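# Fold and contact review
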Amino acid sequence: MNILLQSPTPDLQSSKNFYLRLGFRQATGNPLILTDGKVFIEINPDRYARAGIKLFRESWEPEIQKLQEFTAVTAMENSYLLSDPSGVWLYLMESDAPTELVMDEKSFSVLGNFAGLSLETTNIQKSKELYEALGFTISGGSLDHGYITLEILGFTISLMKPLSCPHLFFNPSMTYFNGTGNIKVIEKIRKLNVPITEEITHFNNNGLIDNIIIRDPGGFGFFIFSD
């Protein structure tokens, strides 16, 4: 299996420039795929494209019946389309990925350490079961604590119950955790003149902007957080 994220765009060049400014590198040109070493993002100008996750495998037939217990599944040419309770679209592609999706040991963009995809879901139990049906396994958290992480091939998805986060939350959102180095990461982002969607001071008592949220032109959120 291979995984990449799909970001729709009203302007291919604007989306490309957004990612290149942040230090992503172009992996392939048609389709346009960019990477920070740990995550691959396809920029899709098709007007019917939606923000979501593409999973590539030779066949999804064994999983389809199980997935239909959770959500409607739309059969398309060499692929299936469905969504989880978070509203995020999942494209199950029955083909090879458009390029080799080999992760580096570390992220190399200015955003810091990629920690996976974060989703806020209206039904965390059903979302968990859906991703398990796709082959993900639990790697952390618990339903009792209101969040859970699942992983496959080094790619992590964090599921959170509703009303978990005291800030803007865009489904889906990429998460970067930088510990005490997050302040310097934020400074770099400001110097690049990347628009900041929200400056967050909630997690400290000094009014310090130590976490931020940005968005790409297609609507993907980015949590640039200290932990």
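Rules and cut-offs
- Residues numbered from 1 in each chain as written.
- Predicted model: local features only at pLDDT ≥ 70, side-chain atom pairs only at ≥ 80, totals over all residues.
- Heavy atoms only, no water.
- Pairing = 2+ DSSP bridges.
- Helix = DSSP H or I, 4+ residues; strand = E, 2+ residues; numbered from the N terminus.
- Axes fitted to C-alpha atoms, helices over the stretch in contact; angles between N-to-C directions.
- Phe/Tyr/Trp six-rings, centres within 6.5 Å; stacked < 30°, edge-to-face > 60°.
- Buried < 20%, exposed > 50% of the residue type's maximum accessible area, 1.4 Å probe, protein only.
- pLDDT = per-residue confidence, 0-100.
- Contact = heavy atoms within 4.5 Å.

Our next topic: the sheet that holds strand S15 (residues 211–215). Taking strand neighbours across the sheet as the criterion, the eight strands line up as S10-S11-S12-S9-S13-S16-S15-S14 in an open arrangement whose pairing is mixed. One side of each edge strand has no neighbouring strand; the edge strands of this open sheet are strand S10 (137–142) and strand S14 (198–200). The average angle at which neighbouring strand axes cross in this sheet is 25°, direction not considered.

Time to look at the packing of aromatic side chains. This structure, assessed with the given rule, holds 10 aromatic pairs. A ring pair is formed by Phe18 and Phe222, whose centres lie 5.9 Å apart and whose planes are at 55°; its orientation type is tilted. In this pair, Phe18 sits in helix H1 (residues 12–21) while Phe222 sits in strand S16 (residues 221–225), placing the two residues 204 residues apart along the sequence. A relative accessible area of 8% means that Phe18 is categorised as buried. Here Phe222 falls in the buried class, since its relative accessible area comes to 0%. Their ring planes at 40° and their centres at 6.3 Å tell us that Phe114 and Phe155 sit as a pair that is tilted. Taken together, the positions of Phe114 in strand S9 (residues 114–120) and Phe155 in strand S12 (residues 155–160) put the pair 41 residues apart, joining distant regions of the chain.

We now examine the confidence of the model for the protein. Per-residue confidence for the protein gives a mean pLDDT of 94; residues scoring 70 or more make up 100%. Ranking the helices and strands of the protein by mean pLDDT puts strand S4 (residues 40–44) first, with 98, and helix H2 (residues 61–67) last, with 92.

Within the sequence span of helix H3 (residues 124–133), burial applies to Ile124, Ser127, Lys128, Leu130, Tyr131 and Ala133. Residue Gly135 follows H3 closely and has a positive phi angle near 110°.

Quick look at the environment of Phe220 now. Turning to its location among the elements, Phe220 is positioned in the loop between S15 and S16. By relative accessible area, which is 0% here, Phe220 ends up buried. Phe220 sits 105 residues away from Ala115 along the chain, and the two C-alpha atoms are 15 Å apart. Those residues in contact with Phe220 that sit more than four places away from it in its chain are Leu5, Gln6, Ser7, Ala51, Gly52, Leu117, Pro172, Met174, Ile214 and Arg215.

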